[in-house]
Amino acid sequence: MPKQLKTRDLIAWAAGFIDGEGSVVISTRHPTPAERAKEHGSNQRHHAGQLMLSLAVWQTKKEPLLRLLMLFGGRIYVSKARSDHHAEAWQWRLLNQVALDALLAMEPFLVNKAPHVRVARDFRALVTGTTWGPPGMPDEEIEKRVVLREAMRLLNQKGPRDA
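Residues numbered from 1 in each chain as written. Predicted model: local features only at pLDDT ≥ 70, side-chain atom pairs only at ≥ 80, totals over all residues. Heavy atoms only, no water.

Looking now at the packing of helix H1 (residues 7-21) against helix H3 (residues 63-72). At a minimum axis distance of 11 Å, the contact between H1 and H3 shows a crossing angle of 125°. Between H1 and H3, the angle is such that the two are oblique. Between H1 and H3 the crossing geometry is left-handed. For the pair H1 and H3, the contacting residues are Leu10, Ile11, Trp13, Ala14, Phe17 and Ile18 in the first and Pro64, Leu65, Arg67, Leu68, Met70, Leu71 and Phe72 in the second. (Axes fitted to C-alpha atoms, helices over the stretch in contact; angles between N-to-C directions. Helix = DSSP H or I, 4+ residues; strand = E, 2+ residues; numbered from the N terminus. Parallel < 35°, antiparallel > 145°, perpendicular 65-115°, else oblique. Left-handed = near helix turned anticlockwise from the far one by under 90°. Contact = heavy atoms within 4.5 Å.)

Right, dumping it as structure tokens:
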């Protein structure tokens, strides 16, 4: 019979997996067509306040993502193969506070994504009760979120970084 892994062991595994294969981003939430129609002519603007935290992993094997789903919840999506030369791919994803909660659980074990957790924590601290903020959000609040999105983008930048 296989050995039963303890929750702490599974979280440590998840941290290693996320460190190597995961992505942590702050992205713009785009309004639905219904939201755009409702706001047409109003003073509400879709702005950088409408940002969301996302934790995701893409894989061609679904099994590791099922383990992440068991540990942290979220959703798994499938992307059909684009051609005969590509495999079907699976994506596991968490959003907003649930994503931060998972990152915080893994934080003691994260190496590469440790800076991402700090930015994610700062970003979510600005978001109280809603993902994007109320209409008429002050420009300085929007700017704080934009600065954090840019910080996360720089952390995710490929290639050599200036020290």
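Structurally, the position occupied by Gln59 is in strand E2 (residues 51-59). Overall, Gln59 belongs to the buried group, its relative accessible area being 17%. Within the structure, the side chain of Gln59 is placed 3.2 Å from the side chain of Glu21, a separation counted as a polar contact. Sequence-distant contacts of Gln59, that is, excluding residues within four places in its chain, are made with Phe17, Glu21, Pro64, Leu65, Glu88, Ala89 and Trp90. (Buried < 20%, exposed > 50% of the residue type's maximum accessible area, 1.4 Å probe, protein only. Polar contact = N/O pair within 3.5 Å; in protein donor to acceptor, adjacent residues only side chain to side chain.)

Glancing now at the confidence of the model for the protein. Looking at the protein, the pLDDT average stands at 84 and 77% of residues meet or exceed 70. Throughout residues 41-49 the model reports pLDDT below 50, and contacts reaching past four residues in sequence, or to other chains, amount to 21 contacts. (pLDDT = per-residue confidence, 0-100.)

Taken as a whole, this structure holds four salt bridges when the rule is applied. Here Glu141 makes a salt bridge to Lys144, at a shortest N to O gap of 3.1 Å. Of this pair, Glu141 and Lys144 both sit in helix H6 (residues 139-155), three residues apart, which is roughly one turn of the helix. Since its relative accessible area comes to 23%, Glu141 is described here as partly exposed. Since its relative accessible area comes to 41%, Lys144 is described here as partly exposed. (Salt bridge = Lys/Arg side-chain N within 4 Å of Asp/Glu carboxyl O.)

A separate point is the side chain of His116. Topologically, His116 is positioned in helix H5 (residues 114-125). A distance of 2.9 Å separates a polar atom in the side chain of His116 from a polar atom in the side chain of Asn156.

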